[in-house]
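Architecture and fold: a report
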Amino acid sequence: MSNLYLIGFMGSGKTTVGRRLAERLGWPFTDTDEEIVRREGMEIPEIFSKGGEAFFRDLEQAVLLELSGRAGWVIATGGGIVVRGRNVEIMKESGRTVFLFAREEVLLGRLAEDEEVRPLLQGDSPSARIRQLLQERRGMYEWADLTVDTSDKSVDAVVGEILQHFGRADRNDRAV
Ligand code: S3P
């Protein structure tokens, strides 16, 4: 296996799980949002206010393309990376992907008071916006090699499930 990608809605725990998973595997870790911020020298909300969502998505795609050329990295992605079909192809071609799922009410709880760092949730009703985005993105994450429901699990339990799955795949078919 080359890279291990983590996808899922905002608040699903991709960065936290990704860091812990990378530690356990002894692999390097990165996050597409952090790479974008580092390269642009601007925080995500600033990037959105400067060029809108399309500008952000272009940067995100360029970063993903570059990271996909690496091998043996754990890569956490932004929640909207799946809205561009090409990004899905890039991830499929360059590694395995884990979808971190969480129930809507769990996401609403985790994302409460977090909207200032997430430009797509700014406005009068972040919870209505979350519901709308969940609706728009329904079905877009389900292509992943593994889905883990993180709703009622600790970070270590989620990481354990991922390691167990890919460890088993390795023994069975040398896929990892
Ligand atoms: C976004 C998710 C964010 C970030 C940006 C857009 C999205 O990442 O990429 O604010 O469209 O869902 P997280 O999923 O890490 O919050």
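Before going into details, it helps to say that this report is about the structure given with it.

Here is what the cut-offs are and how they apply
- Residues numbered from 1 in each chain as written.
- Predicted model: local features only at pLDDT ≥ 70, side-chain atom pairs only at ≥ 80, totals over all residues.
- Heavy atoms only, no water.
- Near = heavy atom within 4 Å.
- Polar contact = N/O pair within 3.5 Å; in protein donor to acceptor, adjacent residues only side chain to side chain.
- Areas by Shrake-Rupley, 256 points an atom, 1.4 Å probe, with all protein chains shown as cover.
- Helix = DSSP H or I, 4+ residues; strand = E, 2+ residues; numbered from the N terminus.
- Contact = heavy atoms within 4.5 Å.
- Buried < 20%, exposed > 50% of the residue type's maximum accessible area, 1.4 Å probe, protein only.
- Arc of directions from axis to C-beta.
- Core = buried A, V, L, I, M, F, W, Y, C linked by side-chain atoms within 4.5 Å.
- Pairing = 2+ DSSP bridges.
- Axes fitted to C-alpha atoms, helices over the stretch in contact; angles between N-to-C directions.

Looking at the site of the ligand
As a structural note, the neighbourhood of the ligand is formed by 13 residues, with Lys14, Asp33, Arg57, Arg118 and Arg137 the closest of them. Side-chain polar atom of lysine 14 to an oxygen atom of the ligand: 2.7 Å apart, as the coordinates give it. Between the ligand and the protein, one listed contact pairs an oxygen atom with a side-chain N or O atom of arginine 57 at 2.7 Å. For the ligand, the protein covers 94% of the area, taking 390 Å² as the surface of the free molecule.

With respect to the environment of leucine 108
The residue leucine 108 is located in helix H5 (residues 104-111) in this model. Expressed as a C-alpha distance, the spacing of leucine 108 and isoleucine 130, which sit 22 residues apart in the sequence, is 7.4 Å. Leave out the neighbours within four places in its chain, and leucine 108 touches Ser127, Ile130 and Arg131.

Considering helix H4 (residues 85-93)
All buried positions along H4 are accounted for by Asn87, Val88, Ile90 and Met91. For H4, the arc enclosing every buried residue in end-on projection is 160°, short of the 170-degree limit, so these residues lie on one face. Residues of H4 that are buried sit in contact with strand E1 (3-7), helix H3 (44-67) and strand E4 (95-101).

Remarks on the nonpolar core
Counting 34 residues, the largest nonpolar core has Ile7, Phe9, Met10, Leu111 and Ile130 as its most contacted members. Of all the secondary-structure elements, those providing two or more residues to this core are E1, helix H2 (32-40), H3, H4, H5 and helix H6 (126-136). Take this core: its biggest share by element is eight residues, from H3. Once you skip the residues sitting within four places of it in the chain, methionine 10 turns out to touch Gly79, Leu107, Leu111, Arg118, Leu120, Leu121, Leu133 and Arg137.

Describing the sheet that holds strand E5 (residues 146-149)
The sheet built from five strands is open, its strands ordered E2-E3-E1-E4-E5 with parallel pairing. Where the open sheet ends on each side, the last strands, each with one partner, are strand E2 (29-31) and E5. Averaged over all pairs of adjacent strands, the angle between their axes in this sheet comes to 20°, without regard to strand direction. In this sheet, strand E3 (residues 74-76) lies alongside E1 in parallel orientation, the contact comprising three bridges. Among the inter-strand pairings, tyrosine 5 is bridged to a residue of E3, identified as isoleucine 75.

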